[in-house]
Every structure is written in C-alpha cells, then in structure tokens.
Amino acid sequence: MIHDVEDIEAKVTRIKEEKKVKDSQLFEVVEEVFDFKTLMALYALLNRGVISRMYGVVATGKEARIYWAQTPEGEDIAVKIFLVQTAEFRRNRLMYIRGDPRFRKVKKGFRNIIDLWCTKEFINLKRAYKAGVRVPRPYAKNYNVLVMEFIGDPEERGKPAPLLKEADLENPEEAFNILKGFIEKLYLDAGLVHGDLSEYNVMVRGNELVLIDFGSAVDIRHPLAADFLRRDIYNVYKFFQKLGVEAGSPEELYLKLTSTA
Ligand SMILES: Nc1ncnc2c1ncn2[C@@H]1O[C@H](COP(=O)(O)OP(=O)(O)O)[C@@H](O)[C@H]1O
Ligand SMILES: [Mg+2]
C-alpha cells in the first residue's frame, strides 16, 4: 500500500519509466492516494487507449469512488474504482455471488473479492446493455477499475446527473412506468435482478432514466433472485407511492414476472 504523497509520486515516476508512459496528464489530481495495484490498472487502461485523462472525484461511496475522466477522443467517461477490501465487504457481498451460476467456479477461500465484484458489475452491465435496458454503456474493466459511459448533468459538464432520490420529476407516473419496464426487461430479456434497486441507484437525465450500480445484480437462477426481485419492486413502488403516484400492487408485478420466466 502507498501511504503518502511522496510515496505515490515516486511510484508513479517509476511506473511511467517502466511502462514508457509519456502522457503525464493522466492524473490531474496527483494527491489522490491510489494503491499500487490501482495505479497499475489505471496505467494499463491508459496504455490501451481507454482513458487519457482523469479529472476529479464526482462521488464517493462506501466502497467505491467515481471519477469523471476522458477518452483519447475527448469523450466523457465515468471511472468507478473499488477501494475497500474489508472482511465486512466480503461478508456482505458473498450473498450476491454464491449461487449465481456464472460464479460456480469461484473457490471457497478465494482471495480477491474486489476484483471479482468489479468483474461482476462489468458483466452485469454488459448483459443489461445488450438487452436494451438503459444503463451506462460499459467500456472496460481492469482489476478494481470499471470504465463506463458518463451520465452527466446536461447543465454542467463533468457533473453527474441527479439521482432519482433528488430529481425534480416532471412526470412521476411516466418515470414509474419506465422503471417498471426496466425491471421487466432486465428480468425477462437480460435474465438479471438488480438486487440493490432504489431511488439511490437510478439517475435522471432530462426525460431519461438510467439504472446504475450493478455489482449486486444476480442471474435469475440465483436461489435468492426472487427475493431480491421482490425487494427491488417494493422499493420502487414505495418511492413512487410517496410521490403520490397510484402505483397499484407491487406483488402483482412480482407474480407476473416470476410466473412467466
Ligand atoms: N456512469 C456514471 N456517470 C456519472 N455518474 C455516475 C455514474 N455511475 C455512478 N455515478 C455517480 O456515482 C455515485 C455512486 O455510484 P454507484 O455505482 O451507485 O456506487 P456505490 O456503490 O457507491 O453506490 C452515483 O450515485 C452517481 O452519482
Ligand atoms: Mg449506488
């Protein structure tokens, strides 16, 4: 681990020399303290031409940070960096990994949950995107770094669009119907349940809703998929009911989906 700025600068210099990275603009904010593996992952993405510049942090969550960054072509991208590797993180996340047929080969005492979690979010996003659910387009993943489309505020470059939680909805009924459609498409076409769906993981850009934060999403064959689906549906209904939408019965949607799949 790198603990101070001098350390990090020395390592950055060394990596640049070793990897012949010429463009020193990768880090606008050099005081950011990334550990060595994160730096290596970022430099690999730089060398692959995925990222060319990192700007500041736009969001800091419990275990991940999101950066506004840019491609060599000047397109805005979001870079999600997973930083926490605690026992608690491991304990909490295992539930969303074990039992998912895609991760059958993951051995019991496997070491790197952060790498796996990041991979999981990446492949979930790819599946959702392919099925036509509106999610940030996934671009690349390396170790604990996930690169995707930046969902920006139309008013201000480099600022994320508001979350559903804080958005000023013009038409809540319509937003509710769009979200119901996303849940349905995700389940029936992508074969996924989001698993952490709420007003905190939906972004609102104008009339467009975008689902984010797919680390928890599970294959519908996961033994808890139905429970996660029910929770997701209830969260969404509750939020819109509070806004005064005549949402109807969440159980109905749950039964409709689980009986057709
Ligand atoms: N693709 C994106 N474009 C712009 N901002 C994003 C993007 N993804 C996430 N964010 C911002 O970062 C915050 C945290 O991202 P999220 O994936 O929900 O991680 P966490 O696990 O920390 O909740 C979001 O609430 C949102 O404001
Ligand atoms: Mg989130």
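Residues numbered from 1 in each chain as written. Chains lettered and ligands numbered in written order. Predicted model: local features only at pLDDT ≥ 70, side-chain atom pairs only at ≥ 80, totals over all residues. Heavy atoms only, no water.

(A) Representation of the nonpolar core in the model. Within the largest apolar cluster, 79 residues are counted, with the highest numbers of intra-cluster contacts made by I51, M54, V79, V147, L179, L211 and F240. Structurally, this core is a two-domain feature, drawing no fewer than three residues from each of domain 1 (5-149) and domain 2 (164-260). If we skip the residues at most four places from it in the chain, V147 touches L45, V50, I51, I77, A78, V79, P138, Y139 and A140. Counting residues in each nonpolar core, the second largest holds five residues, with I151, A161, M203 and I212 among its members. (Core = buried A, V, L, I, M, F, W, Y, C linked by side-chain atoms within 4.5 Å. Buried < 20%, exposed > 50% of the residue type's maximum accessible area, 1.4 Å probe, protein only. Domains from an automatic or database assignment. Contact = heavy atoms within 4.5 Å.)

(B) Up close: the layout of surface pockets. Of the volumes computed, that of the largest pocket is approximately 730 Å³. Contributing to the lining of the largest pocket are 36 residues, with I66, K80, N201, I212 and D213 lying nearest its centre. Of all the elements in the fold, those that place two or more residues in the lining of the largest pocket are β1 (53-60), β2 (64-70), β3 (76-82), α4 (113-130) and β5 (145-149). The residue inventory of the lining of the largest pocket, partitioned by class, reads 19 nonpolar, six polar and 11 charged. Looking at the second largest pocket, it is lined by 16 residues, and the ones nearest its centre are D168, E170, V204, G206 and N207. Counting residues per element, the ones that place at least two in the lining of the second largest pocket are α5 (172-188) and β7 (202-205). For the lining of the second largest pocket, the leading source of residues is α5, giving three residues. (1 Å grid on protein atoms, 1.4 Å probe; cavity = no way out; pocket = protein on both sides within 12 Å on 5 of 7 lines; lining within 4 Å. Points joined across faces, edges and corners; volume = space filled by probe spheres on them. Helix = DSSP H or I, 4+ residues; strand = E, 2+ residues; numbered from the N terminus. Nonpolar A, V, L, I, M, F, W, Y, C, P; charged D, E, K, R; others polar.)

(C) Inspection of the pairing of β7 at higher detail. Sheet analysis places β7 next to strand β8 (residues 208-211), joined by four bridges and oriented antiparallel. Within β8, the residue paired with M203 across the bridge is V210. In sequence, β7 turns back onto β8 through a hairpin of two residues, with G206 there showing a positive phi of about 60°. (Pairing = 2+ DSSP bridges.)

(D) Focus on α5. Over its 17 residues, α5 runs 24 Å from end to end, which matches the ideal 24 Å to within 8%, given 1.5 Å per residue. Within the span of α5, buried status applies to P172, A175, F176, L179, F182, I183, L186 and Y187. Burial along α5 is one-sided: seen end-on, the buried residues are contained in an arc of 125°. (Expected span 1.5 Å × (residues − 1). Arc of directions from axis to C-beta.)

(E) Summary view of the pattern of salt bridges. With the rule as written, the count across this model stands at 15 salt bridges. When the shortest N-O distance is used, the salt bridge between K159 and D153 registers 3.7 Å. On the basis of relative accessibility, which here comes to 37%, the residue K159 falls in the partly exposed class. When its relative accessible area of 14% is taken as the criterion, D153 is described as buried. The network of salt bridges with common partners includes R134, E149, R205 and E208. (Salt bridge = Lys/Arg side-chain N within 4 Å of Asp/Glu carboxyl O.)

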